[in-house]
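Chain by chain, the residues run as shown.
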Amino acid sequence: MLRTPIPPFSRKKSSSRHQPYAAAMKQRTWPHRSDNPRFSALPFDGCGADNLAAKLVRHHRTDRASSSRHASKPPPSGLRSPASRRALAPPSGSPEPAPSRDFAALPYDVLARIAVSFSQSNLRAASLACRSWSEALRPLREAMLLLHWGKRFKHGRGGARANPEKALESFLKGAVRGSTLAMVDAGLMYWEMGKKEAAVELYRKAASLGDPAGQCNLGIACLQVEPSKPEEAIKWLQLASTAGHVRAQYQLALCLHRGCGLDSNLVEAARWYLKAAEGGYVRAMYNVALCYSFGEGLHRNRRQARSWMKRAADRGHSKAQFEHGLSLFSGLQRLMGTFSPSAGG
């Protein structure tokens, strides 16, 4: 039986089959410098340093949602029908939308004033928002680096020898660049050196920029300088206490307890002692235990007194350790006296 020979496969090139791959290879996979930037500006609505990171996350999610809606973008106005144009037009009596305020258009000095008390992580996140923010916050990033080296020289850590002169120099350079943290540390070193006027000046500058540590230190300095300024001290301590600074809360409670700069108020003093103690300030824990024990500003409660005294003792407060040990010893004596056999039994 004769078989018909099978023709060989055609090796003709089909350009249509490879055309999509060739087109895909020619496409750019990375944006060019002339393309629009990835980040747009955030609207300025008075947000503080605490919720900045959350705002950036919300802004990033909004960018992703807007990019996913590009496919369903309405046609240009020239291609719409008259009916669709009338439907999309705003009503005649409605007010015009307010112009969007661009956070990136803030002056550099205003943005730097907002970010002076940022932590290092918040400062890094803010610098990634847009190019103008990155340029405006460059001095504060340099100040953070100087602050880091200043702490190394001050405490002799991170492979650096202790050098107070270099530490103070680093802190002052960071203060010049606008960091309130560096101002406070430089003020502390000046205070330890006996240069109280220079320390108060740095504290005052940091306090005026809204730094709670600077406000607290300025309030304490106003109580310790000669002559003392108790009214000004109470003003700054109240501001720092409202911001949640635990040491300021304890110092304000002391002033209320002793009647320094204002009338004595044991109830308010106990309230601020309790706030500072709940924030982890050990001296305040000891004073809360005394308030519960003697009923000063708080209702007498021996169980709460023992609980707060034990917390302070566990954290190294020497007087609390003595008081707690004494209460344990007296309780043990009472327990042994209760179960001891009666005389002549």
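Here the structure is a predicted model, which means the values were calculated and not measured.

*Asks:* For this particular structure, what's the right way to read the overall build of the protein chain?
*Replies:* Looking only at helices and strands, the protein chain features 17 helices and zero strands. Across the 345 residues in the protein chain, those meeting the buried criterion constitute 31%. Across the protein chain, contacts joining residues at least 24 apart in sequence account for 47% of those joining residues at least 6 apart.

*Asks:* What's the story with the packing of helix α7 (residues 138-155) against helix α9 (residues 180-192) in this structure? I'm lost.
*Replies:* Helix-helix packing is described using two parameters, namely the angle between the two axes and the distance between the axes. Between α7 and α9, the shortest axis-to-axis distance is 9 Å and the interhelical angle comes to 30 degrees. Of the possible angle classes, the one that applies to α7 and α9 is roughly parallel. The handedness of the crossing between α7 and α9 is left-handed. Along its contact with α7, which presents M144, L147, K151 and K154, the element α9 presents L181, A182, D185, M189 and E192.

*Asks:* What's the story with a positive patch on the surface in this structure? I'm lost.
*Replies:* A grouping of R300, R302, R303 and R306 is seen on the molecular surface, where their side chains present a positively charged patch. Considering the arrangement of structural elements, one finds R300 in the loop between α15 (282-294) and α16 (302-314).

*Asks:* Which parts of the structure should I look at to understand the environment of D211?
*Replies:* Along the chain, D211 falls in the loop between α10 (196-208) and α11 (212-224). Note: C-alpha distance between D211 and S117 (94 residues apart in sequence) is 6.0 Å. Here the side chain of D211 touches T180 through a polar contact of 3.2 Å, side chain to side chain. A polar contact is formed between the side chain of D211 and the backbone nitrogen of A213, at a distance of 3.2 Å.

*Asks:* Whenever I open this one, the side chain of Q251 confuses me. Can you help?
*Replies:* For Q251, the location among the structural elements is in helix α13 (residues 246-258). Ignoring any residue separated from it by four or fewer positions in sequence, one finds Q251 in contact with I220 and L237.

*Asks:* I tried to follow the side chain of Q249 on my own but got confused; where do I start?
*Replies:* Tracing the backbone shows Q249 in helix α13. A relative accessible area of 6% means that Q249 is categorised as buried. A polar contact of 3.4 Å, which involves the side chain of Q249, links it to the backbone nitrogen of A276. Setting aside its immediate chain neighbours within four residues, Q249 contacts S241, G244, W272, K275 and A276.

Parameters at a glance
- Residues numbered from 1 in each chain as written.
- Predicted model: local features only at pLDDT ≥ 70, side-chain atom pairs only at ≥ 80, totals over all residues.
- Heavy atoms only, no water.
- Helix = DSSP H or I, 4+ residues; strand = E, 2+ residues; numbered from the N terminus.
- Buried < 20%, exposed > 50% of the residue type's maximum accessible area, 1.4 Å probe, protein only.
- Contact = heavy atoms within 4.5 Å.
- Axes fitted to C-alpha atoms, helices over the stretch in contact; angles between N-to-C directions.
- Parallel < 35°, antiparallel > 145°, perpendicular 65-115°, else oblique.
- Left-handed = near helix turned anticlockwise from the far one by under 90°.
- Patch = residues over 30% accessible without salt bridge, like charges linked within 9 Å, V, L, I, M, F, W, Y side chains within 5 Å.
- Areas by Shrake-Rupley, 256 points an atom, 1.4 Å probe, with all protein chains shown as cover.
- Salt bridge = Lys/Arg side-chain N within 4 Å of Asp/Glu carboxyl O.
- Lys, Arg positive; Asp, Glu negative; His and termini not counted.
- Charge placed at Lys NZ, Arg CZ, Asp CG, Glu CD.
- Polar contact = N/O pair within 3.5 Å; in protein donor to acceptor, adjacent residues only side chain to side chain.

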